[in-house]
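Architecture at a glance
These are the residues of each chain, in order.
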Amino acid sequence: MKDVDRSIAPAEVGHLARAVLDAVGTVVVGKRDALELVLAGILAGGHVLLEDLPGLGKTLTARSFAQALGLDFRRLQFTPDLLPADVTGSFLYDQRNGDFTFRAGPVFTNLLLADEINRTPPKTQSALLEAMQEKQVSVEGVTYKLDEPFHVLATANPIEYEGTYPLPEAQLDRFLLRVSFGYPQHEEEWEVLRRRMSRRREEAEIKAVVDAATLRAMQAALEDVVVEDSIGRYIVSLTAATREHPSVLVGASPRGSLALLLLARVRAVFGGRDYVVPEDVKAVAAPALAHRITLRPEMWLRRVDPAFVVGEVLEATPAPASGALPSYAAGGPRH
């Protein structure tokens, strides 16, 4: 294992991130933009909702990132009869000791794939909330800390409604961003078949590019990415504009602004910079904000997509063009 306390420069974070994406790209064909968003969510310290049709590589993506990042990985299939204890763990009676001992559930891992999270009842869905937000779980009054890094990649099928429990807004807000892959191009789909025949087995293995300690160092390095005041105000303006849009019933919360900030920092590092520009914010606006927006009922009848609302907000909100230093880094405004 590498030194937990070692520091990494933002430039090295970008180099390592590209190496991780290249490794995952050897298994997940195409979809580089979507893969960048998933990795951005992990580097930003958050959780990612993969909402797409079945068979488009959501599970494969989660497993591949776990391998490339050198993380402990567990997959939990959410079903209607799944209980909260099946997620967090429970106390079992040990006859040898005559006492109850805690048996940890699958949530005690680095990267948890919550497969088809919308197929389980709200009570079990909520068992993940404390883990996702507080990085801990409470079982029968006892609190257990989760080892870092801890990230949830949850999958959801957007078209099947029978036997599903749509995620409530409060839980959707816990996901840093929502990503969809979409169907592959013809050549990409043929490449999937070609690679399957070439390796002569179903499973594809990826060698670790980094380890858990290095990932934590990469996440810490993002704190050194500069966000100038006008960029921060631009982020706030975008989020606030979603609350005032005529098609929106409930707009994005301040957690949406924080998601924009964190993801824009990662995009800056991907671009080889240690400072954020407006284009970084624009690139992550839809994935970070669309799932936090509740449209008016009549908009659902017209099949208006929340991402379309975010696009209109981006067009209507002027982007800054300032080179001033951030006030938070200088102890006050500087001109």
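Residues numbered from 1 in each chain as written. Predicted model: local features only at pLDDT ≥ 70, side-chain atom pairs only at ≥ 80, totals over all residues. Heavy atoms only, no water.

Some thoughts on the pairing of strand β4 (residues 99-104)
Keep this limit in mind: When DSSP finds two or more bridges between two strands, those strands count as paired. Helix and strand assignments come from DSSP, with helices taken as H or I runs of at least 4 residues and strands as E runs of at least 2, each series counted from the N terminus.
Both strand β3 (residues 89-94) and β4 contribute to a ladder of six bridges, which runs antiparallel. Counted as the bridge partner of D94 is D99 from β4. Hairpin geometry of β3 and β4 is characterised by an intervening segment of four residues between the two adjacent antiparallel strands and by a positive phi of about 65 degrees at G98.

A short note on helix α13 (residues 306-316)
Put simply, the rule is: For each residue, the accessible area found with a 1.4 Å probe, counting protein chains only, is set against the maximum for its type, and the residue is called buried under 20%, exposed over 50%, and partly exposed in between. Arc definition: directions from the helix axis to the C-beta atoms. Throughout, a contact is declared for two residues whenever any of their heavy atoms are within 4.5 Å.
Buried within α13 are the following residues: P306, V309, V310 and V313. The buried side chains of α13 occupy one side of the element, clustering within an arc of 100 degrees when seen end-on. Of the surrounding elements, those touching the buried residues of α13 are α9 (229-244), β10 (248-250), α11 (278-289) and β11 (294-295).

A look at the environment of S126
As for its position among the elements, S126 is in helix α5 (residues 122-134). In this structure S126 comes out as partly exposed when scored by relative accessible area, which is 35%.

Things to note about unusual backbone geometry
Of note, the amide linkage connecting E148 to P149 takes the cis form, showing an omega dihedral of 0 degrees. The phi angle at E116 is positive, at roughly 55 degrees, despite the residue not being glycine. Topologically, E116 is positioned in the loop between β5 (111-115) and α5. On the basis of relative accessibility, which here comes to 26%, the residue E116 falls in the partly exposed class. The backbone of E140 shows a phi angle near 50 degrees, a positive value even though the residue is not glycine. Among the secondary structure elements, E140 is positioned in the loop between β6 (136-139) and β7 (142-145). The class of E140 is exposed, set by a relative accessible area of 67%.

Points about the sheet that holds strand β9 (residues 177-179)
Inclusion rule: The angle between two axes is taken between their N-to-C directions and runs from 0 to 180 degrees, where each axis is a line fitted to C-alpha atoms and a helix contributes only its stretch in contact.
Spatially, the five strands line up as an open sheet ordered β2-β5-β8-β1-β9, and their pairing is parallel. Only two strands of the sheet have a single partner each, and these edge strands are β2 (73-77) and β9. With strand direction ignored, the average angle separating the axes of adjacent strands in the sheet is 20 degrees. Here β5 runs beside strand β8 (residues 151-156); their pairing, made up of four bridges, is parallel. The partner of A114 across the bridge, within β8, is A154.

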